[in-house]
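Each chain, letter by letter, is given below.
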Amino acid sequence: MKRWRLVARALRHPDLLPTFRGMLLGLAALILVSELALGEGLTVRCLAPILFVCSTLLPVRSSWWWGGGTAGVLLLPVLVGPQGEGSLVLLVLGFALVGGVGTRRVLLSAEWSLASREVLGTLLSSDRHARPEQVLRETLELMREVTGARSIAALRQLDEVSAETLVALPEPVLSHALSSPRLFADALSVDRCLYHHDYARVPGASRFLLAEGVRSLVVLPLSWSHQGGTESSQGAILLTWHRRAHLHAHLRRFVEVLGDGLRTLLRFTDDRLRYERLQARYGAILETVPQGVVFVEASGEQGWVNQVAGELLGLTPGPVEPVRLAQAMAGLRARASNPEEIAAKGASLFTQPQADIRDWIWTFQVPRELVLRVSSTPTHVRDMPGRLWLLDDITIAWRARQARREAEAALLEEKEKADQLLLNILPQSVARKLKQDTRTIADGFADASILFADLVGFTHLAQRVSPKGLVYLLNELFSAFDQLTEKHGLEKIKTIGDAYMVAGGLPLPRADHVGSIAEMALDMMAFLQDFNARREDPLRLRIGIDTGPVVAGVIGTKKFNYDLWGDTVNTASRMESHGLPGHIHVTHATYERLCDKYLFTERGRIPIKGKGEMTTYLLEGRKN
């Protein structure tokens, strides 16, 4: 069976014109049968077509045909006799011979061209999922059949003294000792194919190849750049014969035409081998990494995932097709609970393919709570450019971070409440000082205005009203006074029972504090008048004002209170207590600062407890 396969393979050789052989043999058989049917025997009409077919089909060198034709010319007169028909027969057979040789040349060129296309077709029609070394093996097998070589091998140079056999037919065609760049160094140096019909006569011929029985050798040098173009390799295709082969022009053209395709195949095969070695080298390391690791070649031909990434994506760890990998990543993204955030950040990959992505958060709620921190960066592992993905499970850290953020937010909220409460007790500038320095705070102000207001008959009112009703009443009054304090830019100091104390010109000094205090007093009286219109039992206020120097500060370590001291404070309090219900009682110092813009009624000199007699005034209103 093996012998018949060898015969069938030999009959497909381009030198035997397999494409046209059947047609030519059929034509010769038809002519022979027709002549025999006429009963005239082997005539010139029969011999000429047979000679034409034989000179066309038989793989005999043209020089042999011309020598045979010349011998026939010399012997033909002897064979055909002296008759004049001999010259005609000679002419007919000569034309048949010349026509056959010429036709063979044309058909032989076509056959070798068809053989080149067949091999190139194998390269183009190969399954895109097939491994490059398998396609290279099939291509070299076709080359071996077409050229009739005893063996064929694809070599890649490793360094100056060693080479690697990528594919060899039949196996093993070369031992490792014979895999040397010296076999193809000359071809690489001249950058063209070398043909050695009689290899034993070649200077520097490899004694190892000669010992293996090699008699003829063809060396097709190849060099190629790897993906990314940062490195290049070189090697060669070796065809060997254990006989002196006729390395004619058609065979040479056939080998050289396949050079580009073989160069591409060698690059793919070489890259594949390098990639698999890198996988073997780094695979064990990456399996120990706690993060999911995904690598995709820039060419889109191959991808790889480790154990952790395989579990997240539902893929088998190891090599994986990029299409399946992309589908798995899309499925994982579709299950995320924050697809809008993912899509917004992922858009940068489409606008900037070489962009780095850091801290890309993917959150999931089903089938379990999961938070992934995804990072992606273009990388270049030796001569394998691609993109590296890291899928880091940060669920525990994310929960801790969220809990910390919630605690910080709650703490900030409580701090804001505490600050607001402190501002309700102390002026803002004083509160800021108190937070920065817990020591006693005391400031002197050379010019300030103090107002005291007191409800007349509050003791009797408290006896007639329920405690809750009394608190509601005071809250409504003093809340309104608080709003007036803010309106006029004054500082509320404190309330004591039914008394209300306000200061102007502190803690931040201001030039118009006396006028602001006067406006505050008039507005308080106006509000009380409106307030009494809604009550059956009207209330009345006594207000006292003085202007002068004071001391302000915070004392104690608990229940802080911003308070004022000095003669101005005592005098303002006396103005309130010695005033008249429903009136605003002021000192002469205050009167002098306001008499140009406000209306006053002089009370004259009256005795003031602890002060003696003083000239005081009643503020009645504004002049304009």
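Draft legend 1. Examining the overall build of the protein more closely. What the protein contains, in helices and strands, is 20 helices and 19 strands. Looking at the 624 residues of the protein, the share that counts as buried comes to 43%. When the accessible surface of the protein is totalled, it reaches about 34,300 Å², and 56% of it is carbon and sulfur.

Draft legend 2. Broad picture of a nonpolar patch on the surface. Where nonpolar side chains cluster on the molecular surface, the patch consists of Val 551, Ile 555 and Trp 565 and spans about 270 Å² of accessible area. Summarising the element assignment, Ile 555 is placed in the loop between strand S15 (541-554) and strand S16 (562-565). Take Ile 555: its relative accessible area is 52%, and that puts it in the exposed class.

Draft legend 3. Structural view of the side chain of His 248. Residue placement: His 248 occurs in the loop between strand S5 (232-241) and helix H9 (249-257). A residue is classified by how much of its surface remains accessible, and His 248, at 11% relative accessible area, is buried. A distance of 3.1 Å separates the side chain of His 248 from the backbone nitrogen of Leu 251, its partner in a polar contact. Other than its neighbours up to four places away in sequence, His 248 contacts Asp 15 and Trp 112.

Draft legend 4. Here's a closer look at the pairing of strand S12 (residues 441-455). Sheet topology places S12 next to S15; 13 bridges connect them, and they run antiparallel. Opposite Leu 455, over in S15, you have Leu 541 as the bridge partner.

Draft legend 5. Here's a closer look at the confidence of the model for the protein. Summing up the model confidence of the protein, the mean pLDDT is 78 and the portion of residues at 70 or higher is 76%. Mean pLDDT values over the elements of the protein span from 48, in helix H4 (residues 62-80), up to 93, in strand S17 (residues 583-587).

Draft legend 6. Fine view of the pattern of salt bridges. One pass over the structure, following the stated rule, counts 17 salt bridges. Between Arg 542 and Asp 454 there is a salt bridge whose closest N-O contact spans 3.7 Å. You can see Arg 542 sitting in strand S15 and its partner Asp 454 sitting in strand S12, a full 88 residues away along the chain. For the residue pair Arg 542 and Asp 454, the accessibility class agrees, reading buried in each case. Put simply, Asp 523 and Lys 487 hold a salt bridge, and the shortest N to O gap is 3.6 Å. Highlighted residues: Asp 523 in helix H18 (residues 513-533) and Lys 487 in helix H17 (residues 467-487), separated in sequence by 36 residues.

Draft legend 7. Molecular detail of the packing of H17 against H18. Where H17 meets H18, the closest approach of the two axes is 10 Å, and the angle between their N-to-C directions is 145°. H18 is crossed by H17, and the crossing has right-handed handedness. Across the interface between the two elements, Leu 473, Glu 476, Leu 477, Ala 480, Phe 481, Leu 484, Thr 485 and Lys 487 of H17 pack against Met 520, Asp 523, Met 524, Phe 527, Leu 528 and Phe 531 of H18. Its residues assigned to classes, the contact of H17 with H18 comprises ten nonpolar, one polar and three charged.

Draft legend 8. Here's a closer look at the packing of aromatic side chains. Counted according to the given criterion, the structure contains nine aromatic pairs. Between Trp 360 and Trp 362 the ring centres are 5.3 Å apart and the planes differ by 90°, which places this aromatic pair in the edge-to-face class. For the pair shown, Trp 360 and Trp 362 are each scored as buried. Ring geometry for Phe 478 and Tyr 500: centres 5.4 Å apart, planes at 45°, overall tilted.

Draft legend 9. Summary view of helix H19 (residues 567-577). By the burial criterion, the buried members of H19 are Thr 568, Val 569, Thr 571, Ala 572, Met 575 and Glu 576. Taken around the axis of H19, the buried residues stretch over an arc of 165°, which confines them to a single face.

Draft legend 10. Seen up close, the environment of Thr 587. Turning to its location among the elements, Thr 587 is positioned in strand S17. According to the relative accessible area criterion, Thr 587 is buried, its value standing at 2%. Remark: the alpha-carbon pair of Thr 587 and Asp 546, spanning 41 residues in sequence, is separated by 5.5 Å. Beyond its immediate stretch of four places on either side in the chain, Thr 587 contacts Ile 545, Asp 546, Thr 547, Thr 571, Met 575, Met 614, Thr 615 and Tyr 617.

Draft legend 11. Looking closely at the side chain of Asp 546. With respect to the secondary-structure elements, Asp 546 resides in strand S15. Look at Asp 546: it is buried, it has no salt bridge, and the nearest opposite charge is Lys 611 at 6.7 Å. A distance of 2.5 Å separates the side chain of Asp 546 from the side chain of Thr 587, its partner in a polar contact. The contact partners of Asp 546, leaving out residues within four places of it in the chain, are Ala 448, Ser 449, Ile 450, Asp 567, Thr 568, Thr 571, Ala 572, Thr 587, Ala 589 and Thr 590.

Draft legend 12. Summary view of H9. Taken as a whole, H9 has its buried residues at His 250, Leu 251, Phe 254 and Val 255. For H9, the buried positions fall inside an angular range of 135° around the axis, keeping them on one side.

Draft legend 13. Local environment of unusual backbone geometry. At the junction of Leu 169 and Pro 170, the peptide bond is cis and its omega measures out at -15° in the coordinates. The topology assignment puts Pro 170 in the loop between strand S2 (163-169) and helix H7 (185-190). Residue Leu 506 is joined to Pro 507 through a cis peptide bond whose omega torsion reads -5°. Tracing the sequence through the fold places Pro 507 in the loop between strand S14 (499-504) and H18.

Rules of the game
- Residues numbered from 1 in each chain as written.
- Predicted model: local features only at pLDDT ≥ 70, side-chain atom pairs only at ≥ 80, totals over all residues.
- Heavy atoms only, no water.
- Helix = DSSP H or I, 4+ residues; strand = E, 2+ residues; numbered from the N terminus.
- Buried < 20%, exposed > 50% of the residue type's maximum accessible area, 1.4 Å probe, protein only.
- Areas by Shrake-Rupley, 256 points an atom, 1.4 Å probe, with all protein chains shown as cover.
- Patch = residues over 30% accessible without salt bridge, like charges linked within 9 Å, V, L, I, M, F, W, Y side chains within 5 Å.
- Salt bridge = Lys/Arg side-chain N within 4 Å of Asp/Glu carboxyl O.
- Polar contact = N/O pair within 3.5 Å; in protein donor to acceptor, adjacent residues only side chain to side chain.
- Contact = heavy atoms within 4.5 Å.
- Pairing = 2+ DSSP bridges.
- pLDDT = per-residue confidence, 0-100.
- Axes fitted to C-alpha atoms, helices over the stretch in contact; angles between N-to-C directions.
- Left-handed = near helix turned anticlockwise from the far one by under 90°.
- Nonpolar A, V, L, I, M, F, W, Y, C, P; charged D, E, K, R; others polar.
- Phe/Tyr/Trp six-rings, centres within 6.5 Å; stacked < 30°, edge-to-face > 60°.
- Arc of directions from axis to C-beta.
- Lys, Arg positive; Asp, Glu negative; His and termini not counted.

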